[in-house]
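As a plain string of letters, each chain reads:
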Amino acid sequence: MRSLRIALITVTAVLAVAATVSVLRHELGGGEPSAEMSEAMAVPAVPTVIDRLKAGERGLDLAVHSPALGRTASVRVLLPAGWRPGSGPWPVLYLLHGCCRSDHASWAEEGGAERLTAGAPMIVVMPEGGRVGFYSDWLDGPAWETFHVRELIPLIEREFGAGPRRAVAGFSMGGLGAIGYAARHPGLFQAAAAYSGVLDTTGDRAAVRSLISENGEDPAGLWGGLSSHPRIWQEHNPAELAVRLRGVTVYVSCGDGEPGPLDPPGAAADYEGAMLAQARTFARRARAGGARLTTDFYGPGTHTWPYWERALGRSLPLLRAAVGA
């Protein structure tokens, strides 16, 4: 019986991923995809949960073996009150972390996610995304986007009864991931939020490459050079993708980098101001493209956790409404 159950789970997961790929092909226009898109839409092997540990009152830490990554990745899942095996379908909120550490649980342990979502009838998922993974399938490196979109979403549906109503949010590098995933996979997410997000990678490509180098990776392994791979850079630049967000609920927040009300005494200004310039560029294009855009450019505030925790609290009503939670 156990072998039969495993076989049925495997078949179900494969069919779920295949169905998702079919839907995405239809929504991308139905024509023949490029070689790059064909590779990205290939149905991956089924990921496997190899361990799960209790984490807090509502949480589980999963160790997931990912074929796309070729290794085991960590995922924190917060289950809503009333969740039971076999219940659902539940709306889902995916929360993406920033660089420069691969801390999947940072939203729960530093960003107040468990407290803020305590009364929300939805599953909250916090996946590992790499120190500088940039929520992308690298040209020469890990396939983070495939792991998150093609493997993790079907796994959460299979294991926890998640449904098709999804929101995604993240800070800094995670903001790039949230907007990029929503734009590159139309219909997969009903809402996306970026807090102090990296939202114009082409406009600030030197900073992107420097950040990757400082964390011990080869920048060319991510998207290649801008001159040699312009399309890949464009496909991973939220400011360029903004026009694809028509009908999506989008929330963008950012400070100006000057010490603000949530900073400790004596705090110094930081690079949040550069994020604000990117956010304004993205917001203009998203609004022109028909996104349901809400912005919170709140003035003084640094690139730190207190502001991202506040942003999650402020945006949560919009995200919940978008997914029916």
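A quick note: this is a predicted structure, and the numbers were derived from the prediction, not measured.

What counts, and at which threshold
Residues numbered from 1 in each chain as written. Predicted model: local features only at pLDDT ≥ 70, side-chain atom pairs only at ≥ 80, totals over all residues. Heavy atoms only, no water. Disulfide = S-S within 2.5 Å. Helix = DSSP H or I, 4+ residues; strand = E, 2+ residues; numbered from the N terminus. Buried < 20%, exposed > 50% of the residue type's maximum accessible area, 1.4 Å probe, protein only. Contact = heavy atoms within 4.5 Å. Polar contact = N/O pair within 3.5 Å; in protein donor to acceptor, adjacent residues only side chain to side chain. Pairing = 2+ DSSP bridges. Salt bridge = Lys/Arg side-chain N within 4 Å of Asp/Glu carboxyl O. Axes fitted to C-alpha atoms, helices over the stretch in contact; angles between N-to-C directions. Bend = angle between axes of the 7 residues up to and from the residue.

Participant: In this structure, what is going on with the state of the cysteines? I would like to understand it.
Facilitator: Disulfide: a covalent bond formed between the sulfur atoms of two cysteine residues. Applying the stated criterion to the full structure yields one disulfide. In this model, Cys99 is linked to Cys100 through a disulfide, with the two sulfur atoms separated by 2.3 Å.

Participant: Would you mind showing me how to read the side chain of Asp296 here?
Facilitator: Along the chain, Asp296 turns up in strand β9 (residues 292–297). Classification of Asp296 by relative accessible area gives buried; the value is 17%. Excluding residues that lie within four positions of it along the chain, Asp296 makes contacts with Tyr251, Val252, Ser253, Cys254 and Arg314.

Participant: Mind showing me how you'd approach the environment of Glu159 here?
Facilitator: Along the chain, the position of Glu159 falls in helix α5 (residues 144–160). Residue Glu159 is classed as partly exposed on the basis of its relative accessible area, which comes to 26%. Remark: the alpha-carbon pair of Glu159 and Pro85, spanning 74 residues in sequence, is separated by 8.4 Å. Among residues more than four places away in sequence, those in contact with Glu159 are Val49, Arg52 and Trp83. Of note is the side chain of Glu159, whose polar atom sits 2.8 Å from the side chain of Arg52.

Participant: For this particular structure, what's the right way to read the pairing of strand β8 (residues 249–254)?
Facilitator: Regular strands place side chains that alternate from one sheet face to the opposite one. With six of six residues buried, β8 is to be regarded as a mostly interior element. Alternating positions in β8 separate into two faces, Thr249, Tyr251 and Ser253 on one and Val250, Val252 and Cys254 on the other, with burial throughout. Alignment of strand β7 (residues 191–195) against β8, held across five bridges, turns out to be parallel. Residue pairing in the sheet places Ala194 in a bridge with Val252 of β8.

Participant: How should I be thinking about the pattern of salt bridges in this particular structure?
Facilitator: A side chain with one charge can pair with a side chain of the opposite charge if their charged atoms come near. What the rule picks out here adds up to 13 salt bridges. One salt bridge connects Glu109 with Arg76, and the closest N-O pair in it is separated by 3.3 Å. One end of the pair, Glu109, is in helix α3 (residues 106–109); the other, Arg76, is in strand β3 (residues 71–78), with 33 residues separating them in the sequence. The exposure class of Arg76 is buried, given its relative accessible area of 7%. Linking Arg244 and Glu235 is a salt bridge whose minimum nitrogen-to-oxygen distance equals 2.4 Å. Taken together, the salt bridges that share partners define one network made up of Arg52, Arg158 and Glu159.

Participant: Can you walk me through the sheet that holds β9 in this structure?
Facilitator: Sheets are built from strands that pair by backbone hydrogen bonding, the pairs being arranged parallel or antiparallel. In spatial order, the strands read β1-β2-β3-β5-β4-β6-β7-β8-β9; together these nine strands make up an open sheet with mixed pairing. Of all the strands in the sheet, the pair left with one neighbour each is β1 (48–55) and β9. Pairs of neighbouring strands in the sheet enclose a mean axial angle of 20 degrees, with direction left out of account. Of the strand pairs in this sheet, strand β4 (residues 90–96) and strand β5 (residues 123–127) are connected by three bridges, and their pairing is parallel.

Participant: Is there a simple way to explain α5 in this structure?
Facilitator: In an α-helix, one turn spans 3.6 residues; hence positions three or four apart end up facing the same way. Where α5 bends most, the angle comes to about 40 degrees, and this point is Leu152, followed within four residues by the proline Pro154. Among the 17 residues in α5, 14 count as buried, and that is most of the element. Remark: Gly161 follows α5 within two positions and exhibits a positive phi of approximately 75 degrees.

Participant: It is not clear to me how unusual backbone geometry should be interpreted in this structure. Could you clarify?
Facilitator: Comment: phi is negative for the bulk of residues other than glycine, and the bulk of peptide bonds are trans. Residue Pro89 is reached from Gly88 by a cis peptide bond, and omega for that bond is 5 degrees. With respect to the helices, strands and loops of the structure, Pro89 is situated in the loop between β3 and β4. At the junction of Cys99 and Cys100, the peptide bond is cis and its omega measures out at 10 degrees in the coordinates. Secondary-structure assignment places Cys100 in the loop between β4 and α3.

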